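# Coordinate analysis (summary)
In case you want the letters, here they are:
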Amino acid sequence: MKRTLDDFSDASNEQKSTRISNQALFRCTLGACKADFTDHSSLNHHILQYHTFICQSCKKNFPNERFLYLHIQEHHNPFNSIKEERGEKIYQCFLETCDKICSSPQTRRLHMIDKHQYPKEFLYSVIKNGMSKGQTSLLKSR
Ligand SMILES: [Zn+2]
Ligand SMILES: [Zn+2]
Ligand SMILES: [Zn+2]
């Protein structure tokens, strides 16, 4: 008679180790990045590598190219200051894919919240002020 032991072994040996580790992750929330890191120094390294866009005029740092571009347009472009004085709209949407231009940073903020589901706690002033050293989030800390 043939032994059928093999039919029973290995059947229910599957380990159920799907427990998600709950350790505090360091998440980059600059722009739409959302990269996760297990320690603070790797996050800092990541920011220096991917989110260092420095304005040549005022040396402020921005989290991405788009924000640096908008900063220069809104704060160092004399043509835009003239336009603004004439009452023309110069405040472009944060998203390159959207061609909305607003008349003030305040109306742009509303546009971002309304049309693009940006959080109210987003640091909209980053376009003007840039990021401070060691800043890893574009959300206002509570
Ligand atoms: Zn990042
Ligand atoms: Zn600047
Ligand atoms: Zn938009």
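Residues numbered from 1 in each chain as written. Chains lettered and ligands numbered in written order. Predicted model: local features only at pLDDT ≥ 70, side-chain atom pairs only at ≥ 80, totals over all residues.

Going by an unreviewed UniProt entry, the chain carries the name C2H2-type domain-containing protein and comes from Komagataella phaffii.

Turning our attention to the overall build of the chain. Along the chain, the regular secondary structure elements total 5 helices and 6 strands. Contacts spanning at least 24 positions in sequence make up 27% of the contacts within the chain whose residues lie at least 6 apart. (Helix = DSSP H or I, 4+ residues; strand = E, 2+ residues; numbered from the N terminus. Contact = placed C-beta atoms within 7 Å.)

A few words on the UniProt feature "domain: C2H2-type" (unreviewed entry) in the chain. The UniProt record annotates "domain: C2H2-type" (unreviewed entry) at residues 26-52 and 53-75. Measuring from the first to the last C-alpha atom of residues 26-52 gives 18 Å, for a span that is 41% helix and 15% strand. Structurally, residues 53-75 is divided into 48% helix and 17% strand, and its ends, taken at the C-alpha atoms, are 15 Å apart. (UniProt positions renumbered as here; feature names shortened; annotations may be inferred.)

Turning our eyes to something else, we now look at helix H3 (residues 78-85). The element H3 is largely exposed, with a buried count of 0 among its 8 residues. At the exit of H3 stands glycine 87, carrying a positive phi of roughly 90 degrees. (Buried ≥ 20, exposed ≤ 12 C-beta atoms within 10 Å, placed from the backbone.)

Right, let's get into the confidence of the model for the chain. When the pLDDT values of the chain are averaged, the result is 86; 82% of them are 70 or greater. Below pLDDT 50 for its whole length, residues 9-20 participates in 0 contacts with residues either more than four positions away or in separate chains. (pLDDT = per-residue confidence, 0-100.)

With that settled, the discussion passes to the environment of glycine 31. The topology assignment puts glycine 31 in the loop between strand S1 (26-27) and strand S2 (36-37). Judged by the 16 C-beta atoms lying within 10 Å of it, glycine 31 falls in the partly exposed class. Linking glycine 31 and phenylalanine 94, residues 63 residues apart in sequence, is a C-alpha distance of 9.6 Å. Residue contacts for glycine 31: discarding those within four places in its chain leaves Pro63 and Asn64.

This part is about the environment of arginine 109. Mapped onto the fold, arginine 109 is located in helix H4 (residues 105-116). Residues arginine 109 and phenylalanine 122 lie 13 residues apart in sequence; the distance between their C-alpha atoms is 9.1 Å.

Attention now moves to the nonpolar core. As a rule of thumb, nonpolar side chains are buried together in soluble globular proteins. Of all hydrophobic cores here, the largest spans 11 residues; its members are Cys28, Leu30, Ile47, Phe62, Phe67, Leu68, Leu70, Val126, Ile127, Met131 and Leu138. Those elements that provide at least two residues to this core are helix H2 (65-75) and helix H5 (126-129). Of all the elements, H2 adds the most residues to this core, at 3 residues. Every residue in contact with valine 126, bar those within four places of it in the chain, is listed here: Phe67, Met131 and Leu138. (Core = buried A, V, L, I, M, F, W, Y, C linked by C-beta atoms within 7 Å.)

Attention now goes to unusual backbone geometry. Positive phi is not limited to glycine here, since lysine 34 has a value of about 60 degrees. Relative to the helices and strands, lysine 34 resides in the loop between S1 and S2.

Below, the discussion takes up the environment of cysteine 93. In this structure, cysteine 93 sits in the loop between strand S5 (91-92) and strand S6 (101-102). In sequence terms cysteine 93 and arginine 66 are 27 residues apart; their C-alpha atoms lie 10.0 Å from each other. Discounting chain neighbours no more than four positions away, the residues touching cysteine 93 are Cys98, Lys100, Arg108 and His111.

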